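Single-letter residue listing:
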Amino acid sequence: MSTQQVPSTDEERLAQLGYQQELHRRLSGFSNFAVSFSIISILAGAITSYGIAMNAGGPLAITLGWLFVGVMVTFVALAMAEVCSAYPTAGALYWWAAALAKRNKAAWAWFIGWFNFLGEVAVTAAIDFGAAITTSAFLSLTFDMEVTKLRTFLIFLVIIIVHGLLNTFGVNLVRLLSDVSAWWHLVGVAVIVIVLAVVPDQHKPISEVFFEVKNETGFTFGGAAFYAVLVGLLMAQYTYTGYDASAHVAEETHDAARAAPRGIVMSVVVSVIAGFFLLTAITWAIQDYDAERTTELALPPAQIFIDAAGHNLGTFLLFICMVAQWFCGMASVTANSRMSYAFARDGALPGSRLWKQVNPRTGTPTNSIWLCVTLSTLLVVPSLVNTTAYAAATSIAVIGLYVAYVGPVFLRRMLGAEFQVGPWNLGKWSAPIGWIAIVWVGIICVLFILPVAGPITASNFNYTIFAVAVVLAFATIWWFASARKWFTGPKQNVIEKAAHGEQTMPTAE
């Protein structure tokens, strides 16, 4: 990986990209990493979606599948990080698309932005709904509360409203909680791994931990077991989302051209390693596969903890996961609101004038925060009826985010040598890494719109394709009917402020 000299301060570089410093720049490199690491949250995604892989693929999909997907996602993260270093702005993915496209810049920015917006809203919904599932299981174990769809939804509402409030209070609180979250995850994983390795009287054979295949999807056609393994990769692929947060908070990060790309890559790499130990330990500790897969707690890892370590110690392990998931959701709302703020700053959201406002006291886009909270809540409403709503929300998040992730990477490859690298770049490895990332995203976009359970009924139908199609249709219709006439891509607020006679000198925080 090569480096080059950065000729300007963060504020001057941002001004070169066309923006006045408005958000408070108070995040360190570690805090930038912590935000993305918290959103990936192996104690959230890998725990709440563990049951998906137990049904589809089994231990093979859970352990070796995690490693395989982790390697592919690392390629995506590396390719994204190189672009981030060149353009460290909160607009991130859609801004990069506008900068890199040779033709139809505004159209590329528009559609990449809408996919990113869809993915951010869906991942926030899935994270906080997953946190509600875990919290419900915890309350069931500690207070004997019956787990129902309505109660889980109400707990979700409490969680996401609290996350909105915490983000409203300012970036200093977000920074503190994100730093605590990173250490909570690392120490928490170590505690869970040690307990599950030492305490249980018996363990699953190691050969089964890595190579056993399970197919509880209901499909029985030839090759159904292989299909189940592929569907089960959703657990890992969904967990590895949200690391674009390091790019979205670049305007709040010191030495952003280096720290933000490092945050993107390291959040993935650390998650791959720590997550592998975590998932191996949980799978190794399985006592009764079918009973734990179908537990009334609606969260298989919770039952595994209880069966392997006893009620009290198992409940404590679940508590570690629950707190981590609350941290994860808070960081997701942070990233979601920054993307929405940047997209609105460029006039691309309905009501942009409202969503682009920054609270002068806290330096946060307060209105965008609550827009994201509201939309994420609407996406979770089907959970009151549809039993596969959580899997669908995870699939929507994966497709929306990864299309946005790889769009700028594709455009960067088309630009070739014309691309001006930043201080953090891949050198000669840029092309092969970029193309591997592009091919992988194409594969998962097809994979995760496929049915996850059979026989297909109204209650288990995977509505991912419809959610993605609705947003794509909305963005397409709006583009051709109106937006193409006035949306010119990212707007430079330095120019706008100068036109109104406002101060445009860089301001450090």
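Residues numbered from 1 in each chain as written. Predicted model: local features only at pLDDT ≥ 70, side-chain atom pairs only at ≥ 80, totals over all residues. Heavy atoms only, no water.

Below, the discussion takes up unusual backbone geometry. Excluding glycine, residues mostly carry a negative phi; peptide bonds, for their part, are mostly trans. Between Gly-454 and Pro-455 the backbone carries a cis peptide bond, its omega angle lying at -5 degrees. As for its placement among the helices and strands, Pro-455 is situated in the loop between α21 (430-447) and α22 (464-486). The backbone of Asp-144 sits at a positive phi, close to 60 degrees, despite the residue not being glycine. Mapped onto the secondary structure, Asp-144 falls in the loop between α7 (105-143) and α8 (149-168). Phi is positive for Asp-255, which is not a glycine, with a value near 55 degrees. On the secondary structure map, Asp-255 appears in the loop between α13 (245-248) and α14 (256-284). (Helix = DSSP H or I, 4+ residues; strand = E, 2+ residues; numbered from the N terminus.)

This structure, assessed with the given rule, holds 37 aromatic pairs. A ring pair is formed by Phe-68 and Trp-440, whose centres lie 5.4 Å apart and whose planes are at 90 degrees; its orientation type is edge-to-face. Taken together, the residues span a long stretch of sequence, with Phe-68 in helix α5 (residues 64-86) and Trp-440 in helix α21 at a distance of 372 residues. Classification of Trp-440 as buried rests on a relative accessible area of 6%. Aromatic side chains Trp-110 and Trp-478 sit 4.9 Å apart centroid to centroid with 75 degrees between the ring planes, which places their arrangement in the edge-to-face category. Taken as a pair, Trp-110 in helix α7 and Trp-478 in helix α22 lie far apart in primary sequence, 368 residues in all. Exposure remark for Trp-110: the relative accessible area of 0% places this residue in the buried category. (Phe/Tyr/Trp six-rings, centres within 6.5 Å; stacked < 30°, edge-to-face > 60°. Buried < 20%, exposed > 50% of the residue type's maximum accessible area, 1.4 Å probe, protein only.)

Attention now goes to the pattern of salt bridges. Taken as a whole and judged by the stated rule, the model has 11 salt bridges. Between Lys-102 and Glu-418 there is a salt bridge, with the nearest N and O atoms lying 3.5 Å from each other. Of this pair, Lys-102 sits in the loop between α6 (92-100) and α7 while Glu-418 sits in the loop between α20 (389-415) and α21, and the two are 316 residues apart along the sequence. A network of salt bridges, in which partner residues are shared, links Lys-204, Glu-208, Glu-212 and Lys-214. (Salt bridge = Lys/Arg side-chain N within 4 Å of Asp/Glu carboxyl O.)

A rise of 1.5 Å per residue sets the reference length of helix α9 (residues 171-198), with its 28 residues, at 40 Å; its end C-alpha atoms lie 40 Å apart and thus fit the reference within 8%. Burial in α9 covers these residues: Val-171, Val-174, Leu-177, Ser-178, Ser-181, Ala-182, His-185, Gly-188, Val-189, Ile-192, Val-195 and Leu-196. Structurally, α9 contributes buried residues whose contacts are with α2 (29-48), α8, α14, α16 (300-309) and α17 (311-345). (Expected span 1.5 Å × (residues − 1). Contact = heavy atoms within 4.5 Å.)

The predicted model of the protein has a mean per-residue pLDDT of 88, with 94% of residues at 70 or higher. When mean pLDDT is taken per element in the protein, helix α4 (residues 59-62) scores highest with 98 and helix α23 (residues 493-499) scores lowest with 45. Low confidence marks residues 1-7, where pLDDT is under 50. Its contacts with residues over four positions away, or in another chain, come to 16 contacts. Low confidence marks residues 495-509, where pLDDT is under 50. Its contacts with residues over four positions away, or in another chain, come to 22 contacts. (pLDDT = per-residue confidence, 0-100.)

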